[in-house]
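Descriptive analysis of the structure
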Amino acid sequence: MPELPEVTTIVAELNSAVVGKTIKEVIFKDARLLKAIKPQIFVKEVVGQKIVQALRRGKVIILKLQSGKFIIIHLRISGWLLLAGEEGKHSRIILKLSDGKLLNFCDGRVLGELRLVDDWHDLNVVKTMGPEPLEISKQEFAKLFEGKKTKIKPLLMDQHFLAGVGNIYAQEAVFCAGIHPEKEANKLDKKQLEKLYDCLIHVLEEGIKDGGTSADSYFRLDGSKGTHVEHLMVYQRDGKPCVKCKKPLIRITTSGRGTVFCPHCQK
DNA sequence: AATGGGACCTGCGCGC
DNA sequence: TGCGCGCAGGTCCCAT
C-alpha cells in the first residue's frame, strides 16, 4: 500500500521526471478513477498544460499545472504510477506527455482517485487531515494523544489524527516501540510516547531511504520496486520468528485491519 | 467521541 | 491444472 514513504518517493521522482513536461493527450482505459469531473471537461482543462510542480500531503499526490489548477491523485490500496514508453499492467488513465512518455495511473482494484481542483487546500480529505508526522516535534506528537482512548495502532493510521501512516508503518512503529497494537493511546506514559515518536520517524525515514515498500502492488515511477520490504520486522511476517526474541509473531484483526505483532515484546 | 460494519473494487491465494 | 470462493485494505458513510 502506498503510504507516506511510498508517496514521498513517487513525488520526488515526479519532480525530476515529469515536472516541466506538457500533457499532450489523456487516454481513458477506465474512467471510473476520475471523480467529480466529466472526462471531456478534464481533457479540456489539462491538455496543453505544463506540469510545474509535484507535491505531497499525507498520501495525496498533487500535480500543479501552469493554469494554477491541480491534478489530484490518490492511489488508495492498489494504485501506482508508471512513467514509461508504453502502457503498464492495469493502466486505467494515461497522460501522454510532451517527451512522448506515458504517465500511467495503474490500479488493480480501481479504488484510486483522480481529480482536478482549483486549490488542493480545499479538498475535504486535506482539510480534515492531521499533521505531517515528519514535521511535528516530539512535544506536539505527545499532545495529540491526550484524552485519546482509541487503540494505538488504528489511531496512528487515522488520517484525521496523523497524515500518511498506513497499515505497514503503523505496525512497524508499534513493534519498534515495544507497544501492543491494541494498547489504549492515553495509557501510554511519557517515555513510551517519546519512544513511539522516535520509532515512527525512524520507520518512515528508513522507508523513504529504501524507496518505499513493495509488499503488494507498489512500484516506483520507473516500474522498479522499493526495497524496504526486506527490512520489515512484522508486516506480513506472521508465524515467522520475532527479530528480537525469536518467538513466533502472531496476527490479529484490529478495527478490521490485519495486524502482526510479537506478544512477548509488545506490551 | 469512538467503534463497527458495509460499500467501493478485483487480483490473487487458497482449498479441493 | 483448473475452478470457485472469499480475503485484503484506504477511505467514506451510516448506525449505534
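The notes below deal with the structure included here. Please read these numbers as outputs of a predicted model, since none were measured by experiment.

Comments concerning the overall build of chain A
Helix and strand content of chain A: 7 helices and 10 strands. In terms of overall dimensions, chain A is globule-like: its C-alpha atoms have a radius of gyration of 19 Å, near the 18 Å expected for 267 residues. C-alpha atoms of chain A, sized along the principal axes, occupy 55 × 35 × 30 Å. Burial statistics for chain A: of 267 residues in total, 51% are counted as buried. Look at the contacts in chain A between residues 6 or more apart in sequence, and 62% of them connect residues 24 or more apart. For chain A, the accessible area works out to roughly 12,100 Å², and carbon and sulfur atoms hold 50% of it. Side-chain charges in chain A split into 43 positive and 32 negative, and the spacing between the mean points of these groups amounts to 3 Å.

Description of the state of the cysteines
Under the definition given, this model contains 1 disulfide. With a sulfur-sulfur separation of 2.1 Å, Cys176 is cross-linked through a disulfide to Cys199. On the sign convention where negative is left-handed, the bridge of Cys176 and Cys199, at about -70 degrees about the S-S bond, is left-handed. Taken together, the residues Cys176 in helix α6 (residues 167–177) and Cys199 in helix α7 (residues 190–209) connect sequence positions 23 residues apart. Judged by relative accessible area, Cys199 falls into the buried class, the value being 3%. Cys242 carries a free sulfur, and the closest cysteine sulfur to it, the one in Cys262, is 3.7 Å from it. The buried category is assigned to Cys242, whose relative accessible area is 1%.

Description of the sheet that holds strand β7 (residues 102–107)
Sheet architecture is open: 4 strands sit in the order β1-β6-β7-β5, paired in antiparallel fashion. Unpaired on one side and paired on the other, β1 (23–28) and β5 (79–84) mark the two borders of the sheet. Shown here is a sheet whose adjacent strand axes are inclined to one another by a mean of 15 degrees, direction ignored. The pairing of strand β6 (residues 91–97) with β7 spans 5 bridges and is classified as antiparallel. Paired with Ile93 across the bridge in β7 is Phe105. Docked against the sheet, helix α2 (residues 39–46) engages β1 and β6, running at close to 165 degrees with respect to β1.

What about the sheet that holds strand β4 (residues 70–74)?
As summarised here, the arrangement of the 4 strands in space is β2-β3-β4-β8, forming an open sheet in which the pairing is antiparallel. Two strands lie at the open edges of the sheet, namely β2 (51–57) and β8 (113–117), each paired on one side alone. This sheet shows a mean twist of 20 degrees between the axes of neighbouring strands, independent of strand direction. Across 6 bridges, β2 lies against strand β3 (residues 60–65) in antiparallel orientation. Note on β3: the bridge partner recorded for Leu55 is Ile62. Across the sheet, helix α1 (residues 4–17) touches β2 and β3, and the angle it forms with β2 is around 170 degrees.

What to know about α6
Within α6, 10 of the 11 residues are buried, which leaves the element mostly enclosed by the surrounding structure. Where α6 is concerned, the buried positions are Asn167, Ile168, Tyr169, Ala170, Gln171, Glu172, Ala173, Val174, Phe175 and Ala177. Where α6 is buried, its residues contact α1, α5 (152–157), α7 and β10 (257–261).

About the cut-offs
- Residues numbered from 1 in each chain as written.
- Chains lettered and ligands numbered in written order.
- Predicted model: local features only at pLDDT ≥ 70, side-chain atom pairs only at ≥ 80, totals over all residues.
- Heavy atoms only, no water.
- Helix = DSSP H or I, 4+ residues; strand = E, 2+ residues; numbered from the N terminus.
- Rg over C-alpha atoms; globule rule 2.2 N^0.38 Å.
- Buried < 20%, exposed > 50% of the residue type's maximum accessible area, 1.4 Å probe, protein only.
- Contact = heavy atoms within 4.5 Å.
- Areas by Shrake-Rupley, 256 points an atom, 1.4 Å probe, with all protein chains shown as cover.
- Lys, Arg positive; Asp, Glu negative; His and termini not counted.
- Charge placed at Lys NZ, Arg CZ, Asp CG, Glu CD.
- Disulfide = S-S within 2.5 Å.
- Pairing = 2+ DSSP bridges.
- Axes fitted to C-alpha atoms, helices over the stretch in contact; angles between N-to-C directions.

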